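A look at the structure
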Amino acid sequence: MTAAGLTATRGGPLRGRVRAPGDKSISHRSLILGAMASGTTEITGLLEGEDVKRTAAAMAAFGARVERLGAGRWRVEGQGGFSEPLDVIDCGNAGTGVRLIMGAAAGFDLSTTFTGDASLRGRPMNRVLKPLGEMGATWIARSGGRLPLTLRGGNLKTIAYRLPEPSAQVKSAVLLAGLHAKGGAVVIEPEATRDHTERMLRAFGAQVEIAPMDDGARRIFVPGGQALSGTQVVVPGDPSSAAFPLVAALITPGSEVTVEGVLLNPLRAALFTTLQEMGADLVITNVREAGGDQVGDVTARHSALRGVVAPPERAAAMIDEYPILAIAAAFAEGPTIMRGIGEMRVKESDRIALTAAGLAACGVGVEEEPEGLIVNGTVRANHPVAGGGRVTTHGDHRIAMAHLVLGLAAEAPVSVDEPGMIATSFPGFVEMMTGLGAQIQPADLAPA
Ligand code: S3P
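**What to know about the nonpolar core**
Membership of the largest hydrophobic core comes to 78 residues, with the highest contact counts inside it found for L275 and Y322. Among all residues touching L275, those that are not within four sequence positions of it are V247, L250, A280, L282, L325 and A328. One finds I43, A58, A106 and A185 within the second-largest nonpolar core, a separate group that totals 66 residues.

Right, here's the structure in full:
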């Protein structure tokens, strides 16, 4: 028995200009806020990945009219509230989808049963259920607060919630529930996390008050009883997706790749700063305003990289980028030390463990810590790593893409399993990469 996989092989330079797919975080929020609002929301540049399509289907199940008008162009007719879904809401692989939708649904007097794929059913939901419970929502879940679970909302009371972990998903769930809570909701975040919910709530006409606190935390207040109005959303390119072709260019000799229209929100773009500190020739041009955020074109040229200490205080602003940073680090001279990244263990997979295992399978020296990862790069910058690994992804799209990028510059080809999961966040990844000159082919893999 063989299974479908993908193999990446070292070839010539990567060259060209591409557009990153729409940002996943903003795409989910545009559909959810559009469904909660009254009136029409027109979205352009929506990421048509599996995760976001699940959220679109969920919003239809809650009573919104959701229509695809063309590539990335969607219209949502919100009902100004949610009605009770007739069936289970299956969020697939999407932690963002399920957690934000739980927050939104908690504000309404209805019961919803949520589930997801095997990865999502293994992920912690208590981090969202705890504050929603303090606000008055009730639920019944599998042990450990795992999906499937049924949530009953409505009649919520106010909360002042200090985030125990840096999580934009938890923050967002509480803020969305707060819109319908008596007295609203306050979230205090000791470490700033991506602020798309706050920005987009304002674009949908809501009042959101953000203030720094004496201890350096941010206090975010959403008054209760607020109605949202439909608006236009222009979804920028996803920096988390742009990272893959850009790092591929940095590690592949002779390459020059530009990704256009990439979101540069400072709470998302910290990977670019870190790569520049590693000596990457990464240049950002044509910086402009789009949809209330800054976007720009990012050009990467093959570079001699050196290992760095990735500052832990930057972790939240690049939490999804550590697998691909680890690949860049494998080609850098000297160790790259990544600490304060315990949250990586509760993503679509345990990304610390799988990145460490994938790199080790490709001959890269790596040390795993409970909340950290140290990658011992090559002795000389640009010395190719051995490669040759068959990487187990546990269905994690970013683990798959990161190791395929490694294979493009390694001595021996690298294979990944479950390649279909790449479409959760980056449909068209293989086509984009091969269009730039990458050698990525379907492969039959023997069982691991
Ligand atoms: C996301 C927040 C992050 C991130 C995820 C998307 C969001 O998760 O890892 O891919 O859109 O709010 P946490 O907020 O749980 O850290």
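**What to know about the site of the ligand**
Taken together, the residues surrounding the ligand are S25, R29, T96, P166, S167, A168, Q169, R194, I319, D320 and K347. K347 is positioned with one of its side-chain polar atoms (N or O) 2.6 Å from an oxygen atom of the ligand. Out of a free accessible area of 380 Å², the ligand has 95% covered by protein chains. Those elements that provide at least two residues to the shell around the ligand are α1 (24–36) and α6 (168–178). Grouping the constituent residues of the shell around the ligand by class yields 3 nonpolar, 4 polar and 4 charged.

**Points about the domain arrangement of the protein chain**
Here the domain parsing of the protein chain yields domain 1 (3–21 + 237–445) and domain 2 (24–209). In this assembly, 23 residues from domain 1 lie in contact with 23 residues from domain 2. Both faces considered, domain 1 and domain 2 share a buried interface measuring about 1900 Å² in area, 49% of it formed by carbon and sulfur atoms. Contact with domain 2 buries area across many residues of domain 1, yet L267, E348 and T424 alone supply 27% of it, more than any other trio. Where domain 1 touches domain 2, the interface holds 4 salt bridges. The shortest N-O distance in the salt bridge between R199 and D293 comes to 3.3 Å. In this structure, the connection of domain 1 to domain 2 is made through 12 residue pairs in polar contact (both at pLDDT 80 or more).

Thresholds, definitions, all that
Residues numbered from 1 in each chain as written. Predicted model: local features only at pLDDT ≥ 70, side-chain atom pairs only at ≥ 80, totals over all residues. Heavy atoms only, no water. Core = buried A, V, L, I, M, F, W, Y, C linked by side-chain atoms within 4.5 Å. Buried < 20%, exposed > 50% of the residue type's maximum accessible area, 1.4 Å probe, protein only. Contact = heavy atoms within 4.5 Å. Near = heavy atom within 4 Å. Polar contact = N/O pair within 3.5 Å; in protein donor to acceptor, adjacent residues only side chain to side chain. Areas by Shrake-Rupley, 256 points an atom, 1.4 Å probe, with all protein chains shown as cover. Helix = DSSP H or I, 4+ residues; strand = E, 2+ residues; numbered from the N terminus. Nonpolar A, V, L, I, M, F, W, Y, C, P; charged D, E, K, R; others polar. Domains from an automatic or database assignment. Buried area = accessible area lost by both parts, 1.4 Å probe. Salt bridge = Lys/Arg side-chain N within 4 Å of Asp/Glu carboxyl O.

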